[in-house]
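Chains, contacts and geometry: an overview
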Amino acid sequence: MRRPWWTALVLGLIVCASQAVAQTALPLRTVGRTVPGEAGFSLMQWPGVYFEGAFTGAEVTVGPVSGKARFKVEIDGAPAGLLTSGDPALRISGLTPAAHRLRVERIDEQRDVVAGFGGATVPGPENVLAPPPPRARQIEFIGDSFTTGFGLTAGRSFCTNGKIWATTDTSQTFAARLGRHYDADYQVIAYSAGGLVRNSPFRRTKPVVPQLYERTLFDDPTPAPRDPTWRPQLLVLSLGSNDFAPMDRREAWKTLAQVEAALVPAGVAFVRKLQARYPGVKILLLDFDEAPVVASNRLIMAELEKAGVSDVRHVSTRDRFAFSGCFQHLDAADNARITTQLQEVIDAWPGVWDR
């Protein structure tokens, strides 16, 4: 049976339309811990993970996102949108027909859900450029909710879980600010309610940060694969606040004195482990002028000095913080002041970036 004359025309239009909407995956450089998922998604739980790519032309499509997460999208360093779970892929068009740089950065924290990022595409292979190379400077931040940016933009103390998620912004923390200031790649290995030997009672059944540090996904004990390109010159370690949180009768710990006695050897062991992982790294022990944390960090420093360990310094920030984030957490202005204090310490430390 002969086809009608118009069949070929319709088929041709369908082919043209499919070619018009065809997209080419954009290769991205990932900074932070992820594992591959289905359909090209990158799966993650740590906050502050970011992706960078380069392309030419007037448009790029970013996402979508799976699980629960918020990603800030930038083109050439300027805000280009917010990509949130449940949103369709974000199509950014109307750009100048030139070379552009894409950055997609996770800014939320969701400890109980694995989030996924679906990557980026451009109209055709002719628009693909190689992703930017790793930066010469690298900084790793290990901490708790003060490092994640917990409820940072809330502007009030009491917050619902939804409010906490919506107002957490890792990109405004001292970690991200220091990274931008020094044009350094940075990783945020931080977990709200996490401690050095004891978590806050809200997370009493979960592993402490030194245990989670070995993982990519929190409930998977498989050690995170080592990235040979990740060799930070500087590491900022700020733990201890949750170790001294009020006790809960359901905990294995019975007194804060027990916790205090365990903190110093645990802190020394963790520092030594990090130095073995990154030979030559310089480490800042950071606290926020909380008396018991300051005291334990001083004892950790004394033990390290006694053992002849160098390249470790203690910084206790002292300022009148506003604490207008959720449940009296640091806000953006507090983080800006901490950043300034840390810059002064880093700039006065000879050879920080030598390795």
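What you see is a predicted model, and the numbers here were worked out from it, not measured in a lab.

For the rest of this paragraph, the subject is the overall build of the protein chain. Secondary structure summary: the protein chain contains eight helices and 19 strands in total. Across its three principal directions, the C-alpha atoms of the protein chain cover 90 × 45 × 40 Å. Going through the 355 residues of the protein chain one by one, you find that 51% of them count as buried. In the protein chain, the proportion of contacts linking residues at least 24 apart, taken out of those at least 6 apart, comes to 75%. Roughly 16300 Å² of accessible area belongs to the protein chain as shown, and the carbon and sulfur atoms make up 57% of that amount. Each charge sign in the protein chain was given a centre, from 39 positive and 36 negative side chains, and these centres are 3 Å apart.

This part covers the state of the cysteines. Across all of its chains, the model carries one disulfide by this definition. The disulfide partner of Cys159 is Cys326, and the gap between their sulfur atoms is 2.1 Å. Measuring handedness by torsion sign, the sulfur bridge of Cys159 and Cys326 sits at about -85° and is left-handed. With Cys159 in the loop between α2 (145-148) and α3 (161-167) and Cys326 in the loop between β19 (312-316) and α8 (332-347), the pair connects residues that are 167 residues apart, well separated along the chain. By the burial criterion, Cys159 is buried, and Cys326 matches it.

Next up on the list: the pairing of strand β18 (residues 282-287). A large share of β18 lies buried, amounting to six of its six residues. The handedness of the strand β17 (residues 234-238) to β18 crossover, carried by helix α6 (residues 256-277), is right-handed. Across five bridges, the pairing between β18 and β19 is parallel. Across the sheet, the residue bridging to Leu284 is Arg313, located in β19. After leaving β18, the chain enters helix α7 (residues 291-306) and then returns to the sheet as β19, a path that is right-handed.

Here Asn161 lies in helix α3. Take Asn161: its relative accessible area is 68%, and that puts it in the exposed class. For the pair formed by Asn161 and Gly151, sequence separation is 10 residues and the distance between their alpha carbons is 9.6 Å.

Another point: the nonpolar core. In this structure, Ile142, Leu234 and Leu237 are the most contacted members of the largest nonpolar core, which totals 60 residues. For Leu237, the contacting residues outside a window of four places in its chain are Ile142, Phe270, Val271, Leu274, Leu284, Leu285 and Leu286. Formed by 21 residues, the second largest nonpolar core is a distinct cluster that contains Val60, Val65, Leu95 and Ala120.

The next thing to look at is the packing of α6 against α7. Two elements in contact, α6 and α7, have axes whose closest approach is 9 Å; the angle formed by their N-to-C orientations is 55°. One finds that α6 runs oblique with respect to α7. Handedness of the α6/α7 crossing: right-handed. Listed contacts from α7 to Leu263, Val264, Gly267, Val268, Val271 and Arg272 of α6 are Ser296, Leu299, Ile300, Glu303 and Leu304. Its residues placed into classes, the contact of α6 with α7 shows seven nonpolar, two polar and two charged.

For the rest of this paragraph, the subject is the environment of Asp248. Counting through the fold element by element, Asp248 comes out in the loop between β17 and α6. According to the relative accessible area criterion, Asp248 is buried, its value standing at 16%. For Asp248, the side chain forms a polar contact with the main-chain nitrogen of Arg250, separated by 2.8 Å.

Each turn of an α-helix holds 3.6 residues, which means side chains three or four residues apart point in the same direction. For α6, spanning 22 residues, the distance from its first C-alpha to its last is 30 Å, which sits close to the expected 32 Å at 1.5 Å a residue. Where α6 bends most, at Leu263, the angle is about 30°, and the proline Pro265 comes one to four residues later. The inward-facing, buried residues of α6 abut β15 (137-143), α5 (209-212), β17, β18, α7 and β19.

Strand order in the open sheet made by the five strands is β16-β15-β17-β18-β19, with parallel pairing throughout. Of all strands in the sheet, those with a lone pairing partner are β16 (184-190) and β19, marking the two edges. Strand-to-strand twist across the sheet, computed as the mean angle between neighbouring axes with direction ignored, equals 20°. Its contacts with the sheet place α8 against β17, β18 and β19, and it is angled at close to 150° to β18.

Here Asp331 shows up in the loop between β19 and α8. At 2.7 Å, the side chain of Asp331 and the side chain of Ser324 are in polar contact. Those residues in contact with Asp331 that sit more than four places away from it in its chain are Leu152, Ala322, Phe323, Ser324 and Gly325.

Conventions and cut-offs
Residues numbered from 1 in each chain as written. Predicted model: local features only at pLDDT ≥ 70, side-chain atom pairs only at ≥ 80, totals over all residues. Heavy atoms only, no water. Helix = DSSP H or I, 4+ residues; strand = E, 2+ residues; numbered from the N terminus. Buried < 20%, exposed > 50% of the residue type's maximum accessible area, 1.4 Å probe, protein only. Contact = heavy atoms within 4.5 Å. Areas by Shrake-Rupley, 256 points an atom, 1.4 Å probe, with all protein chains shown as cover. Lys, Arg positive; Asp, Glu negative; His and termini not counted. Charge placed at Lys NZ, Arg CZ, Asp CG, Glu CD. Disulfide = S-S within 2.5 Å. Right-handed = clockwise from strand over helix to strand, strands pointing away. Pairing = 2+ DSSP bridges. Core = buried A, V, L, I, M, F, W, Y, C linked by side-chain atoms within 4.5 Å. Axes fitted to C-alpha atoms, helices over the stretch in contact; angles between N-to-C directions. Parallel < 35°, antiparallel > 145°, perpendicular 65-115°, else oblique. Left-handed = near helix turned anticlockwise from the far one by under 90°. Nonpolar A, V, L, I, M, F, W, Y, C, P; charged D, E, K, R; others polar. Polar contact = N/O pair within 3.5 Å; in protein donor to acceptor, adjacent residues only side chain to side chain. Expected span 1.5 Å × (residues − 1). Bend = angle between axes of the 7 residues up to and from the residue.

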